[in-house]
Amino acid sequence: MAVNTEAFVRITSELGKKNVSVVAVSKTKSEEEILELYNLGQRDFGENYVQEMVAKAQALPKDIRWHFIGHLQTNKVKQIAPFVHLVQSADSLKLLKEINKQSKKQNRKIDCLLQVHIAVEESKFGLDATELQHVMENLKDLQNVGVAGLMGIASFTDDQLKIRQEFQFLDSLFKKYKPLFTSEEKKPVLSMGMSADYKIAIEEGGNMVRIGSLFFGKRS
Ligand SMILES: *Cc1c(COP(=O)(O)O)cnc(C)c1O
């Protein structure tokens, strides 16, 4: 097994000191691999496919906090509504309305992050600044959704300055909307940074990182 427990222990203790939360991104990884980190104390895991997250949640310990980080289709919200801890990739009002509806049915409130498009690539999901403004203005009727902050994925590039600027942009939006977030449970979350760029993300104000390959090895 390729789980890098040494990197996990080093990085989580380093980030713990800085009050940065670590989500271990376990997509495509086995239940055994997840349990390795669970047994070292990790409780927050991130998945990007509904089917896969549902199956893992059923099989694995109930105190795992499951973060949904992939593109979420409205017709699949129902499946994760009973247990998801944080939907990090909310990217439309339509989706938030569906999350609200399904969480109401479950008698709960689901916390979400709004995903903002900060990268240059066309293919990446997320709201632009105008759409984000629109969503923020329309949260009041969504009583079973708590918007806890923002999430973004930087460009896939070696250009560190470009990455830094994208994180700075996201942090500026985070600061702007912070007073308007609606989650009662969570302190405001700025989820940015992955294996390749988490150090830059933290320097630019991120307080949650999503790390996969550094912990679990490369995905095939
Ligand atoms: C896969 C993924 C990650 C983790 O990527 P690594 O480079 O393996 O750390 C983080 N965030 C999102 C949204 C992802 O899809």
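Trainee: Which residues make up the packing of aromatic side chains, and what are the values?
Mentor: Under the criterion given, the structure shown has three aromatic pairs. Pairing Phe8 with Phe215 gives two aromatic rings, centres 5.3 Å apart and planes at 80°, and the pair type is edge-to-face. A residue pair is termed long-range when its members are at least 10 positions apart, and Phe8 in helix H1 (residues 5–17) and Phe215 in helix H9 (residues 213–216) qualify at 207 residues. On the basis of relative accessible area, Phe215 is assigned to the buried category, the value being 0%. The lysine or arginine in question, Arg43, covers the ring of Tyr38, its NZ or CZ lying 3.6 Å from the ring centre.

Trainee: So what's going on with the side chain of Asn48? Residues and values would help.
Mentor: As for its placement among the helices and strands, Asn48 is situated in the loop between strand S2 (44–47) and helix H3 (50–59). Taking the relative accessible area as the measure of exposure, Asn48 reaches 18% and is therefore buried.

Trainee: Hey, could you go over the site of the ligand for me, with residue numbers and the actual values?
Mentor: Close to the ligand lie Val25, Lys27, Ile69, Ile153, Met194, Ser195, Arg210, Ile211, Gly212, Ser213 and Arg219. Here an oxygen atom of the ligand sits 2.7 Å away from a polar atom, N or O, in the side chain of Lys27. The backbone of Gly212 places a nitrogen or oxygen atom 2.8 Å from an oxygen atom of the ligand. Relative to its unbound accessible surface of 390 Å², the ligand loses 89% to contact with the protein. Looking at side-chain class alone, the shell around the ligand contains five nonpolar, three polar and three charged residues.

Cut-offs used in this document
- Residues numbered from 1 in each chain as written.
- Predicted model: local features only at pLDDT ≥ 70, side-chain atom pairs only at ≥ 80, totals over all residues.
- Heavy atoms only, no water.
- Phe/Tyr/Trp six-rings, centres within 6.5 Å; stacked < 30°, edge-to-face > 60°.
- Helix = DSSP H or I, 4+ residues; strand = E, 2+ residues; numbered from the N terminus.
- Buried < 20%, exposed > 50% of the residue type's maximum accessible area, 1.4 Å probe, protein only.
- Lys NZ or Arg CZ within 6 Å of the ring centre and 35° of its normal.
- Near = heavy atom within 4 Å.
- Polar contact = N/O pair within 3.5 Å; in protein donor to acceptor, adjacent residues only side chain to side chain.
- Areas by Shrake-Rupley, 256 points an atom, 1.4 Å probe, with all protein chains shown as cover.
- Nonpolar A, V, L, I, M, F, W, Y, C, P; charged D, E, K, R; others polar.

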